[in-house]
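Next come the chains, spelled out residue by residue.
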Amino acid sequence: MDTYHASDSCTAAARNLLRLLNPLLKDEPPPTIVPGQLQSSCGEILSAIQALVPTLIPKSPIFANFHDGQVHDPLGGGSYAFQEDVVQPLLLALTNDEILANGGDGLLVDKQSNKTVPENDSVRPFQLLSRPIVIHAGAQPNNSPHAGTLVVFCYAFLLAREIRNRIKSMVDNADAKPPLVSVEITFVDTAPVKDHGVKIGGIEYQKSYRDVPGALAMHMADYKHVLHLLSTWSDIPFTTTFQSNFFSHPTIPSLLRYIVANHEFLGRQLSPKYGVLALRAACPISGCSLAEKHGRLNAYNNNSSHQNRNLPSAAPDTTIAFHCPYHGPHIICISKPSDVARLEANAPARNLIRSMSQLLDTGAHHVRVTGADYAGMYQEMFLYRPLAAWSAATGLAAGRTPHILYAPLIVDWSGAKLSKALYVRDGGYEAMKLFGTEGLCSFTQLKSRFGDDGVEGLRRLCEEVQRWFEDPRKLFRAYSVEYLQRVIMKGQKWTST
Ligand SMILES: [Zn+2]
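Just so it is clear, the structure is predicted and the values come from calculations on it, not from any experiment. (Residues numbered from 1 in each chain as written. Predicted model: local features only at pLDDT ≥ 70, side-chain atom pairs only at ≥ 80, totals over all residues. Heavy atoms only, no water.)

### What to know about the state of the cysteines
Taken as a whole and assessed by the stated rule, the structure comprises 0 disulfides. For the unlinked cysteine C462, the closest cysteine sulfur is that of C154, found at 4.1 Å. (Disulfide = S-S within 2.5 Å.)

Below you can see the structure in the form of structure tokens.
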């Protein structure tokens, strides 16, 4: 057994703390105590603790911080605008889409005499909703889901339940069948597998999860378990899909033709770093499966010009040639479904293509729930501007924009989001074991913490997200690991001021 030798600085800090603590060990406060003295000595004790704690493990020091347990949910921006309700504005927007698709004027256009929505009747429009509503969320299954991913899943199911309940409460009286509300989880099985990539000539190549046997299955059981629990609790059905399902959708080839024809403009817009579209396809040679990560060597042919060095002069269709460092170019024909199913896209390109496809779907409503780190400039640059350009150029999806709700981030002490990649690759959260918060790093650790297959930990998290829905200003801010420690690990609620 190792013997712990305290350093000189540790000993000095401990002595100082003990000196300050000593008066507290007496049964009665000292008779000479004066107002403010206790507060002053409390401050000294806290400082002494802060001086001692980093000396305990000098090789990887830890730091003590304190808080007063006051929880504030200040208003401003989204929390101000949606403090009363976040669901009704969404339902109005969906209703508007449906009216527009049916040739109506929509609810949101400026009307002096609005005949569609009578004044003081903010509920009635829901009755117009007839299409199924799909709440989408995604995950990269490269680790057992951590608290941030679980919050997104909880958000998706609770949002679906709230939408279902509100519509149901309206149509119960109208004697009509409410539209189905469901959750669809997309697994990004085209994420790179650690230690399976190579860099050759400054170009990065990756192997995707779906091309490495066993890699995808490793954590899938945790995801399915979580989704089944959330589905059962919310009474909301769910489906799961993968990237090949997405690229197999009938609208994809026509969208890809637009994307190939405009790849230069879109590449500049979607990749500030490389200026090219990050579309990928794994090398089809058996056992290879390398895909060029950033699409820098891709060659596009939209069948209107034949200047491409990798393609024959009379290419029969819109094609993309991809490059393997060992086996050379391989080509995908947009008109061949089996080819298109091989396609992969990085997050911005995937986000754009998926949104285009969903905007064109007149058979269902699509609402996306994603982490708040994707809000703001990311979506404006990578999604809304390219969508506006596409709509203007093609006339498609005129006046339509995606419906996206952003789930609060779970952040560490510094305000950085709890990162699955950091946990997986660099052991960035070793200290969380010491702090007793490791259960927030992965569902696997949450399960072992509670010893009940994760049910209690997930239930506590889900109930917390439910509280955010009941007071929607809470949906427009981040939550720290320290905040969730009490809620999830100890099962105790914080009370807002
Ligand atoms: Zn190859």
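Continuing now.
### Examining the pattern of salt bridges
Applying the stated rule across the entire model yields 14 salt bridges. We note a salt bridge from D235 to R164, for which the minimum N-O separation is 3.9 Å. With D235 in the loop between α6 (217-234) and β5 (238-242) and R164 in helix α5 (residues 147-174), the pair connects residues that are 71 residues apart, well separated along the chain. What makes R164 buried here is its relative accessible area of 18%. A salt bridge links D373 to K417; the nearest nitrogen and oxygen atoms lie 2.9 Å apart. Highlighted residues: D373 in the loop between β12 (365-371) and α12 (377-394) and K417 in the loop between β14 (410-411) and α13 (420-426), separated in sequence by 44 residues. (Salt bridge = Lys/Arg side-chain N within 4 Å of Asp/Glu carboxyl O. Helix = DSSP H or I, 4+ residues; strand = E, 2+ residues; numbered from the N terminus. Buried < 20%, exposed > 50% of the residue type's maximum accessible area, 1.4 Å probe, protein only.)

### Here we look at the coordination of the zinc ion
Four donors placed tetrahedrally about a metal ideally form angles of 109.5 degrees, and six donors placed octahedrally ideally form angles of 90 or 180 degrees. The protein atoms that coordinate the zinc ion are C283 (SG), C288 (SG), C324 (SG) and H327 (ND1), at distances of 2.1 to 2.3 Å. For the zinc ion, all donor residues lie on one chain, and their spacing in sequence is C-x4-C-x35-C-x2-H. With relative accessibility at 4%, the residue C283 sits in the buried group. (Donors = N, O, S within 2.8 Å, 3.2 Å for Na, K, Ca; no water.)

### Focus: the packing of α6 against helix α16 (residues 455-470)
Viewed as axis vectors pointing N to C, α6 and α16 meet at an angle of 55°, and their least axial separation amounts to 11 Å. In terms of their interaxial angle, α6 and α16 are classed as oblique. By crossing handedness, the relation of α6 to α16 is classed as right-handed. Contacts between α6 and α16 involve V226, L229, L230 and W233 from the first element and V455, L458, R459 and C462 from the second. (Axes fitted to C-alpha atoms, helices over the stretch in contact; angles between N-to-C directions. Parallel < 35°, antiparallel > 145°, perpendicular 65-115°, else oblique. Left-handed = near helix turned anticlockwise from the far one by under 90°. Contact = heavy atoms within 4.5 Å.)

### Looking at a nonpolar patch on the surface
A cluster of nonpolar side chains, L56, I57, L434 and F435, forms an exposed patch at the surface whose accessible area comes to about 340 Å². Relative to the helices and strands, I57 is located in the loop between α2 (37-56) and α3 (78-81). Judged by its relative accessible area of 33%, I57 is partly exposed. (Patch = residues over 30% accessible without salt bridge, like charges linked within 9 Å, V, L, I, M, F, W, Y side chains within 5 Å. Areas by Shrake-Rupley, 256 points an atom, 1.4 Å probe, with all protein chains shown as cover.)

### Description of unusual backbone geometry
In this model, D235 sits at a positive phi of 60°, which is unusual for a non-glycine residue. Here the phi dihedral of S289 falls at roughly 60°; this positive angle occurs in a residue that is not glycine. Mapping S289 onto the fold places it in the loop between β6 (279-281) and β7 (291-292). By relative accessible area, which is 15% here, S289 ends up buried.

Functional significance is not addressed by these values, which are geometric in nature.
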